[in-house]
Amino acid sequence: MGNRWSVLCYVFTLVLLWSTRGAHAATEPEGPTQLIQRLMQTINSIKPMNNGGLSATDQATNSAAAQEANAILDIPAVGQRTLGKHWQARTPTEQQEFIALLEQLFTKVAYPKSAEFFHGLEITVAKENIAGPRATVKTTVRHPKEGLVSVDYRLVQANGMWRVQDILLDDVSLAANLQSQFNKIITEHSYAELLRRMRDKLKE
């Protein structure tokens, strides 16, 4: 379980529909399950970093994949939730800065780590529940080291499009887990310290 959380927390430290609107504008809007399947295919297409670095082609591929993944995850909503009560204390400029840092962490850390974790594994969609503008897509994946892992996606529909707002790993909310971690850092240290740690993560 520890390794699972280390991977999935990278996803938020762990997945929204800007870049894809043009590509899907002329087709029927995707349902929650189809969106999650496309998200996982997109993340799995990301090339891992090796000792020699990535070629220009692979860098372009990763950049395009990250942009598409960022268009499926509702990063602004995730960011607001993870800051919790501290969100309202931030100025609009600080809020935008935080969201930008979170998006960079997704792009440079979360997606590559997720691609590495799920590489070559078959993801099974177990169930889709839709209740008005909210939906949950329940999936499972059998990992050679971690065994059977349940990964559920919570989505919200706005303007006819679905976006991911939370991920549950074995029934534990990733957003809630990060909110607890962020709150601890801010309370025991400061908001500036949280930003410093986020920037340091980007430099690793």
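One can find the structure itself at the top, above this paragraph.
Keep in mind that what you see is a predicted model, and the values were worked out from it rather than measured. (Residues numbered from 1 in each chain as written. Predicted model: local features only at pLDDT ≥ 70, side-chain atom pairs only at ≥ 80, totals over all residues. Heavy atoms only, no water.)

J.: Help me understand the pairing of strand S4 (residues 161–169), please; the structure alone is not making it clear to me.
T.: In regular strands, side chains alternate between the two faces of the sheet. With 7 of its 9 residues buried, S4 lies for the most part within the structure. Direction of pairing for strand S3 (residues 147–158) relative to S4: antiparallel, over a ladder of 8 bridges. Along S4, the bridge assignment pairs Gln157 with Trp162. In this antiparallel pair of consecutive strands, S3 and S4, the connection spans 2 residues, and Asn159 shows a positive phi of 55°. (Buried < 20%, exposed > 50% of the residue type's maximum accessible area, 1.4 Å probe, protein only. Helix = DSSP H or I, 4+ residues; strand = E, 2+ residues; numbered from the N terminus. Pairing = 2+ DSSP bridges.)

J.: Explain the packing of aromatic side chains to me, please; I cannot follow it from the model alone.
T.: Within a pair of aromatic rings, the relevant descriptors are the distance that separates the centres and the angle that separates the planes. Applying the stated criterion across every chain yields a total of 2 aromatic pairs. Aromatic pair Phe98 and Phe182: ring centres 6.2 Å apart, planes at 90°, arrangement edge-to-face. Of the two residues, Phe98 sits in helix H6 (residues 92–118) while Phe182 sits in helix H7 (residues 174–188), which places them 84 residues apart along the sequence. In this structure, Phe98 and Phe182 share a single accessibility class: buried. (Phe/Tyr/Trp six-rings, centres within 6.5 Å; stacked < 30°, edge-to-face > 60°.)

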